[in-house]
Amino acid sequence: MIQILFAILAGVLTIGAPCILPLLPVLLGTSIGHTSKTRPLYIVSGFVIVFAVLGVFLSYLTRHLGLNPNILRNSAIVLLGIFGVFMIWSKPFELLTMRLNGVINRASQAGKLRSDNLGGFILGMTLGVVWTPCAGPVLGAILTLIALQANFVRSLVLLAAYAIGAGIPMLIIAYASQAVTTKIRGIAKYSVLLQRIFGILIILLAVAMYYNFDIQIENQLANIFPTSTLESKLVPNNNPNRSNGTAVDIKNYGPSPEFTGIDHWLNSDPLTMKELKGKVVLIDFWTYSCINCIRTLPFVTKWYDTYKDKGFVVVGVHSPEFEFEKDTANVADAIKRFKINYPVAQDNELATWNAYSNQYWPAEYLIDQNGNVVYFDFGEGNYDKMENAIRTLLGLGTESLNEPGQDLSGIGSPEMYFGTDRLANLTSQQQPSSKETNYSFPSNLDLNDFALSGAWQFSSDKITMTKPSGKIRLKFHSGKVHIVADSPTPQKISITVDGKTQPDVMVGASELYTLFDSADYTDHTIEITIPAAGFEAFTFTFG
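On a predicted model such as this, the values are computed, not experimentally measured, just so you know. (Residues numbered from 1 in each chain as written. Predicted model: local features only at pLDDT ≥ 70, side-chain atom pairs only at ≥ 80, totals over all residues. Heavy atoms only, no water.)

### Some words on unusual backbone geometry
Residue proline 362 is reached from tryptophan 361 by a cis peptide bond, and omega for that bond is -15°. Phi at serine 357 takes a positive value of approximately 55°, unusual for a residue other than glycine. Among the secondary structure elements, serine 357 is positioned in the loop between α13 (351-355) and β5 (363-367). (Helix = DSSP H or I, 4+ residues; strand = E, 2+ residues; numbered from the N terminus.)

Here it is, written out as structure tokens:
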């Protein structure tokens, strides 16, 4: 609902573009003298069609080119912000206005060629063509957000919302006739001030979207209105299942999205949600190098083995976090390693992930026999509740279960990324570089910071040791340390914790490796020595 309101608002704000203002008298002039109540509607309808064609075209390209939805959303937000700045600094749009003068005059003539509704429709389409390059930045941003929607119907709804927003001022002007003509010309001298005000509003809109206020507001409304859509009810960091007690709260959150953009199916022929109707289905979003997912898998596989003969199906949707996790052979090896017997869908471009508006590894969505999502859980824990939810849907009743999972309360270190996209724990005494750089350990290290020694190179999702003999040092608070790493040729890495030698670890394939495993949940310092060049590190995780 909030995204729809944002789309409408963006459409209304488009009216503030300086090269659009000269079109308004054209619209008004071609409405004067026409008594038909429907002609303005035909004008706006023709206008909307132009946007609809663009929206469908962009949505098609996005789905078939495999564009990253998160990059698209961020690009759209940046585009809105830039457009707002240019509305405040108007010279770029003044130049565009000068170029449009001839087209504007032709649009005016097109509206006068016919006085009937068809003439109005033609005029609307003409204005839409003229309007599009001027409104391009806002339109592009909105259409980008529309293209992110995995549900095609929702895409069309958002597109219509934007077009309605843009059409509202047009309708007002068309119906207001001569009275508005006077006012439009009267406020022309304030057009620069008005466009700057609209520019500020558009910048504020971009800021709101950057901080996900649209999603947050929609989440709040979802708690108030229980009939909200699936997307608005499945709220990250606000999981209604994470309450005290063992009660299972089964609710209808709406139809489950269909599997979308699946690259490969493992352990199964391709499946659809439609053919799974009549069964209880658990969708488990995971990736094989995620320690949280790995700790959850024994519970998921146990549920499948226990209830698969009673009308229960698990579908693991493998949604990669890193590029190497897209390799089908790597996923197949992980399936064997973790003894997964249920179907696994390889969601390399996160199309199904986005269809569920998912944001977490792991995430489980429970779907009833009618194809509706009725229960969900993010992260680790709550295994007893999920199993009782499964049992409830299968008509087996609830039981007193004792499946608490691992106690994670002693972990005092967050997941740490080495890549520059999410780099947050490199010591402030060292700076990342995309070029080969020689690093030396600092004299001291703060808790939850790591440092490098030797020749290293940073990239967006990892660090690479470019010359032989390098080290990584980390100060952490936990009893277990894991690293997601890779090496072009298998090599043994040496490990010390608080100066004490630990067993060597052989690193070869891209996966998660355990470096330290103890019951001592206090502050520690680990030092990793890597002999050969080419070693790649992606994340530290803790257990």
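### Some thoughts on the sheet that holds β5
With mixed pairing, six strands are arranged side by side in an open sheet as β1-β4-β3-β2-β5-β6. The open sheet terminates on both sides in strands that have one partner only, identified here as β1 (264-266) and β6 (373-378). The sheet shows a mean angle of 20° between the axes of neighbouring strands, direction not considered. Bridge count for strand β2 (residues 280-286) against strand β3 (residues 312-318) is seven bridges, and the pairing is parallel. Residue pairing in the sheet places valine 281 in a bridge with valine 313 of β3. Against the sheet, helix α11 (residues 291-307) makes contact with β2, β3 and β5, and its axis sits at roughly 160° relative to β2, the strand it touches most. (Pairing = 2+ DSSP bridges. Axes fitted to C-alpha atoms, helices over the stretch in contact; angles between N-to-C directions. Contact = heavy atoms within 4.5 Å.)

### Comments concerning a nonpolar patch on the surface
A cluster of nonpolar side chains, contributed by Ile88, Ile200 and Leu204, occupies part of the molecular surface with about 260 Å² of accessible area. Within the element layout of this structure, leucine 204 appears in helix α8 (residues 191-210). What makes leucine 204 exposed here is its relative accessible area of 52%. (Patch = residues over 30% accessible without salt bridge, like charges linked within 9 Å, V, L, I, M, F, W, Y side chains within 5 Å. Areas by Shrake-Rupley, 256 points an atom, 1.4 Å probe, with all protein chains shown as cover. Salt bridge = Lys/Arg side-chain N within 4 Å of Asp/Glu carboxyl O. Buried < 20%, exposed > 50% of the residue type's maximum accessible area, 1.4 Å probe, protein only.)

### Quick look at the nonpolar core
Membership of the largest hydrophobic core comes to 39 residues, with the highest contact counts inside it found for Trp303, Phe312 and Leu366. When residues of this core are traced back to their parent elements, those giving at least two are β2, α11, β3, α12 (328-337), β6 and α14 (383-393). Looking at this core element by element, the count peaks at nine residues for α11. Sequence-distant contacts of phenylalanine 312, that is, excluding residues within four places in its chain, are made with Val280, Leu282, Trp303, Tyr304, Tyr307, Leu366, Ile390 and Leu394. Listed in part, the 31 residues of the second largest apolar core include Ile472, Ile493, Ile530 and Ala537. (Core = buried A, V, L, I, M, F, W, Y, C linked by side-chain atoms within 4.5 Å.)

### Brief notes about α14
Within α14, 10 of the 11 residues are buried, leaving the element largely enclosed by the surrounding structure. Of the surrounding elements, those touching the buried residues of α14 are β2, α11, β3, β5 and β6. One or two positions beyond α14, positive phi appears at glycine 395, with a value near 75°.

### Digging into the pattern of salt bridges
Under the counting rule described, the total for this entry stands at 11 salt bridges. A salt bridge links glutamate 536 to lysine 462, with the shortest nitrogen-to-oxygen separation between them at 2.9 Å. Here glutamate 536, found in strand β15 (residues 536-542), pairs with lysine 462, found in the loop between β9 (449-458) and β10 (463-465); they are 74 residues apart in sequence, far enough to count as distant. Judged by relative accessible area, glutamate 536 falls into the buried class, the value being 16%. We note a salt bridge from aspartate 517 to lysine 480, for which the minimum N-O separation is 3.4 Å. Of this pair, aspartate 517 sits in strand β14 (residues 511-530) while lysine 480 sits in strand β11 (residues 470-486); the two residues are 37 residues apart in sequence, bridging distant segments of the chain. In the salt-bridge network here, residues are joined through shared partners; they are Glu323, Lys326 and Glu349.

### Topic: the environment of aspartate 333
Tracing the sequence through the fold places aspartate 333 in helix α12. According to the relative accessible area criterion, aspartate 333 is partly exposed, its value standing at 41%. Taking C-alpha positions, aspartate 333 is 9.5 Å from tyrosine 288, a pair spaced 45 residues apart along the chain.

### Looking at the confidence of the model for the chain
Overall, the prediction assigns the chain a mean pLDDT of 75, with 57% of residues at 70 or greater. Element-level pLDDT for the chain is lowest in helix α10 (residues 230-233), with a mean of 43, against a maximum mean of 97 in strand β12 (residues 491-497). Contacts from residues 214-245, a stretch scored under 50 in pLDDT, to residues over four places away or in other chains number 67 contacts. (pLDDT = per-residue confidence, 0-100.)

### Remarks on the pairing of β9
Along β9, nine of the 10 residues are buried, which leaves the element largely enclosed by surrounding structure. Where strand β8 (residues 437-439) lies against β9, three bridges are found, and the strand directions are antiparallel. For asparagine 438, the partnering residue across the bridge sits in β9 and is alanine 455. Strand direction decides the pairing type here: β9 and β11, joined by five bridges, are antiparallel. Residue pairing in the sheet places alanine 451 in a bridge with arginine 473 of β11. Inspection of the sheet shows β9 paired to β10 by three bridges, in the antiparallel sense. Looking at the pairing, glutamine 457 lines up with threonine 464 of β10. Hairpin connection between β9 and β10: a loop of four residues separates the two successive antiparallel strands.

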